[in-house]
Amino acid sequence: MPRASTGTAAAPLQKGSGYAHVTYRPNVRIMEQDQGKKALIGVSTNEASLLLDSSNEMARALKAGDVLMIKGLLARVVLGVEQTPDGVMVLTQQAALTDLIQNGEIHVQVPVRFTTSNAMLHRPDPGFFSTLPDLIAPPLYAQSPENAMADQARAQGNMDAYKGLLKGAVHSIIDGWNTSYQSTPADGRTNLDLQLTRSEAGFVASITGKGSVSDFDFDSTIGVQQSKIQRMKTAFNNLTGEMTFDWAVAKDSPGVMAEESRIKLPGVVDVPLSEFLEGLPLYLEVSGAIMIHPAITGGKEITKGSFRVTYSANQSFVVSSGSVNSSGDINGDINLGDHQDISPTAPLGMLVAVAAPRIELTLGLNKIYDKSDIKKAADIVDKIADQVAKHLFSPEKYQQYQQNGFHLGNTFANALKTDGAVYFQVIGTSASSFTGFSAISPCSRYDLNIVAGVGASAEAWGQSIGSVNKEIYRKAITKIDPPGMRLCEDIGSQSGQ
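Predicted model, so just to flag it, every value in this text is computed and none were measured. (Residues numbered from 1 in each chain as written. Predicted model: local features only at pLDDT ≥ 70, side-chain atom pairs only at ≥ 80, totals over all residues. Heavy atoms only, no water.)

**Q** In this structure, what is going on with the packing of aromatic side chains? I would like to understand it.
**A** Two descriptors summarise a pair of aromatic rings, namely the distance from one centre to the other and the angle between the planes of the rings. In the structure shown here, the tally under the stated rule is 6 aromatic pairs. Taking 5.2 Å as the distance between ring centres and 80° as the angle between the ring planes, the aromatic pair formed by Phe434 and Phe437 counts as edge-to-face. Under the relative-accessibility criterion, Phe437 is labelled partly exposed at 47%. Taken together, the ring pairs connect Phe216, Phe218, Phe236, Tyr311 and Phe424 into an aromatic cluster. (Phe/Tyr/Trp six-rings, centres within 6.5 Å; stacked < 30°, edge-to-face > 60°. Buried < 20%, exposed > 50% of the residue type's maximum accessible area, 1.4 Å probe, protein only.)

**Q** Can you help me understand the side chain of Asp215 in this one?
**A** As for its placement among the helices and strands, Asp215 is situated in the loop between strand 12 (203-214) and strand 13 (216-225). Ignoring sequence-local partners within four residues, the contact set of Asp215 consists of Val112, Arg113, Phe114, Gly188, Arg189, Asn238 and Leu239. (Helix = DSSP H or I, 4+ residues; strand = E, 2+ residues; numbered from the N terminus. Contact = heavy atoms within 4.5 Å.)

**Q** Sorry if this is basic, but what is going on with the environment of Leu52 here?
**A** Structurally, the position occupied by Leu52 is in strand 4 (residues 49-52). Linking Leu52 and Ile41, residues 11 residues apart in sequence, is a C-alpha distance of 5.5 Å. Among all residues touching Leu52, those that are not within four sequence positions of it are Ala39, Leu40, Ile41, Ala59, Leu62, Leu68, Gly87, Val88 and Val90.

**Q** I tried to follow the pairing of strand 20 (residues 422-434) on my own but got confused; where do I start?
**A** The side chains of a regular strand alternate, residue by residue, between the two faces of the sheet. With respect to burial, strand 20 is a largely interior element, 13 of its 13 residues being buried. Covered by surrounding structure in strand 20 are Val422, Phe424, Val426, Gly428, Ser430, Ser432 and Phe434 together with Tyr423, Gln425, Ile427, Thr429, Ala431 and Ser433, the residues of both alternating faces. When strand 19 (residues 348-363) meets strand 20, the two strands line up antiparallel, connected through 12 bridges. In the strand pairing of strand 20, Ala353 is matched with Thr429. Sheet analysis places strand 20 next to strand 21 (residues 444-455), joined by 12 bridges and oriented antiparallel. The residue of strand 21 that forms the bridge with Tyr423 is Gly455. (Pairing = 2+ DSSP bridges.)

**Q** What's the story with the state of the cysteines in this structure? I'm lost.
**A** Covalently bonding the sulfur atom of one cysteine to the sulfur atom of another cysteine gives a disulfide. Taken as a whole and judged by the stated rule, the model has 1 disulfide. Residue Cys443 pairs covalently with Cys488 via a disulfide, S to S 2.1 Å. Taking the sign of the S-S torsion, 100° for the link of Cys443 and Cys488, the bridge is right-handed. Here the residue Cys443 occupies a position in the loop between strand 20 and strand 21, and Cys488 occupies one in helix 9 (residues 486-494), the gap between them amounting to 45 residues. Taking relative accessible area as the criterion, Cys443 reaches 1% and is therefore assigned buried. A residue is classified by how much of its surface remains accessible, and Cys488, at 0% relative accessible area, is buried. (Disulfide = S-S within 2.5 Å.)

**Q** Looking at this structure, I do not really get the sheet that holds strand 4. What am I missing?
**A** Backbone-to-backbone hydrogen bonds pair the strands of a sheet. The strands run either parallel or antiparallel. In spatial order, the strands read 2-5-6-7-4-3; together these 6 strands make up an open sheet with mixed pairing. A single partner strand is all that each edge strand has here, and the edge strands are strand 2 (28-31) and strand 3 (40-43). On average, each strand axis in the sheet is inclined to that of its neighbour by 35°, with strand direction left out of account. Pairing of strand 6 (residues 74-84) with strand 7 (residues 87-94) involves 8 bridges; the strand directions are antiparallel. Opposite Val77, over in strand 7, you have Gln93 as the bridge partner. (Axes fitted to C-alpha atoms, helices over the stretch in contact; angles between N-to-C directions.)

Take a look at the structure:
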């Protein structure tokens, strides 16, 4: 049965600490982590469907409207349940904190350290935490990060602590783009490497991003009353980073290519916080999002360029009903690199907006669970879930569910937005346009913007109440090439920039 946690005493600043003095809502069904691992025998590709062992009493008792929490692993709202020959199929969507908690306060304070040799999360001295495994980040080798992590973990007897914490490269095909996002820890920072490529019908494109995020300190307190978040106080301190983005787009064949893609990049670093929070599966996640919008109007057109974003921040902010109040300091810059535009006749353009990195406090979905232990392959679970969804849902809701689950579908449609309970992000935007060589005086225009923001997800509040997001920094630059060309200067005024 749900119960209030006892929490722990606060530890010194250098130590990770936290508590969850909470009572859960009556419809929350809680499994201990070991019990949950045994019960969870399959997860769908989009992680919206769970296949549970029929021998588990709680699994058999689940019904639509329940919230399933497996300590340290996941929290999901149950949309539908059906017994199948393979197990109990549970169709779900991501839970918000307010789906779980009736009343209480959550506090967590951690120094995140991206290091190849020392502890990623510095723990208190032996005492309450003496029974918990250390989370020492092992060396991450590009050729075989998972094996390197496994070897190091086995040597120290802490295999479970490493699963999924540093993911190496995460590969996927999203909206037609072959996507790779990688984190490689080094002393004092983690290096980030983003690559997206696409090739179809004469259109080829490549976008790369390389940079790093420094060690930083995170501190957050969240108060909940009657399943409504009343107040969040959060700080991201000593956070610095930089990213350089290079893009190249070309089309050899005639025809227009102006398809916009919004891609939510997968998390490449997950810092589990549940051990400080009586099993509440909260994570600090380093992820990102990107929007790509070429405007190619014909064949034999090429546009390529680069830009660099840098920032440093010590930022504290409080989110209360309908407002965000922030304090601290932040500095940032965005710089244009080499660029080239070729178009024999028609104008062309390119928009790239990147939120990378984005640091969010999120409720996890088996982020540290070793999926090699799951008995049923994801594609098998997909087929079972599809049959169950067709049976339980209306055609409209079935279609929504197939798009990644109701909640995730909305998230992907708004990729540059965040559903983290709290977050910090920097968005760099490059918008370029070229008149084409058929113009009397050909010219190019480049508009660059860097915007930093903090805030919370409206969904995390369980309702829409005013603004829970705030822009804390903005800088914009424009470059005309060649300088002084009135035609390209007018492009900005016509577009309202």
